[in-house]
Amino acid sequence: MGVVISTIARALHLLPIRRLKNRLLGREHSSVEKRIENILVARAKGRPSSIKSLNSLLLKLSTLEQGFDECRRGFHNVDTTNSNTISYEELREAASKQGFATAEDDLQLIFAHSDIDGQSELTFREFLITLMYLNLVEEKFHLPTESINQAFDIAVDAFLYFDKEG
């Protein structure tokens with residue numbers, strides 16, 4: 001479970017790095033990057049974290065596990081080729097079937113940001129990042145169950161708890 005949290009934290013932590021890189025190269029960062037960053041900053045300031053100590057995080061591990069087990073079932077539903085990875089086409093098709101209003105460019109950017117290893121396919125961990133990004137930026141996107149919502153809330157709270165740089 002710690003690996004999943006660290007993967008999500010790494011993805012969240014890369015946003016400011018990508019923003020700095022874009023600024024140095026003279027490129028603007030995307031509207032998706034801006035929205036994610038603004039949402040995380042507002043969340044960090046707007047509500048207290050549910051995690052006050054490492055012990056409180058440890059007490060939430062079973063909720064994390066249950067939510068991420070449900071995500072794994074969703075991952076296998078989206079992986080129509082049974083390759084244990086998700087291509088952009090599979091993600092786009094699943095998003096379309098679910099009625100997401102995410103613009104094609106935004107979905108491509110979310111996929112690219114989630115593809116941490118650069119293999120142009122999403123592993124399960126990278127799929128979790130995709131779900132988190134979609135949950136943050138897509139107004140009509142709702143995670144399918146309360147346990148998945150709770151798992152993502154805990155993961156983001158854990159990131160905010162461990163993020164000492166603000």
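Coordinates for the structure precede this section.
Predicted model, so just to flag it, every value in this text is computed and none were measured.

What counts as what
Residues numbered from 1 in each chain as written. Predicted model: local features only at pLDDT ≥ 70, side-chain atom pairs only at ≥ 80, totals over all residues. Heavy atoms only, no water. Phe/Tyr/Trp six-rings, centres within 6.5 Å; stacked < 30°, edge-to-face > 60°. Helix = DSSP H or I, 4+ residues; strand = E, 2+ residues; numbered from the N terminus. Buried < 20%, exposed > 50% of the residue type's maximum accessible area, 1.4 Å probe, protein only. Lys NZ or Arg CZ within 6 Å of the ring centre and 35° of its normal.

## Here we look at the packing of aromatic side chains
Phase 1 of the analysis: For the structure on display, the rule yields three aromatic pairs.
Phase 2 of the analysis: Pairing F75 with F124 gives two aromatic rings, centres 5.8 Å apart and planes at 85 degrees, and the pair type is edge-to-face. Here F124 lies in helix α7 (residues 124–137) and F75 lies in helix α4 (residues 61–78), a separation of 49 residues in the sequence.
Phase 3 of the analysis: In this structure F75 comes out as buried when scored by relative accessible area, which is 2%.
Phase 4 of the analysis: An angle of 65 degrees between the planes, with centres 5.5 Å apart, marks the rings of F75 and F127 as edge-to-face. With a gap of 52 residues between them, F75 in helix α4 and F127 in helix α7 connect regions that are remote in the sequence. Each member of the pair F75 and F127 is classed as buried.
Phase 5 of the analysis: Taken together, the ring pairs connect F75, F124 and F127 into an aromatic cluster.
Phase 6 of the analysis: The residue whose ring lies beneath R72 is F124, and the NZ or CZ to ring-centre distance is 3.9 Å.

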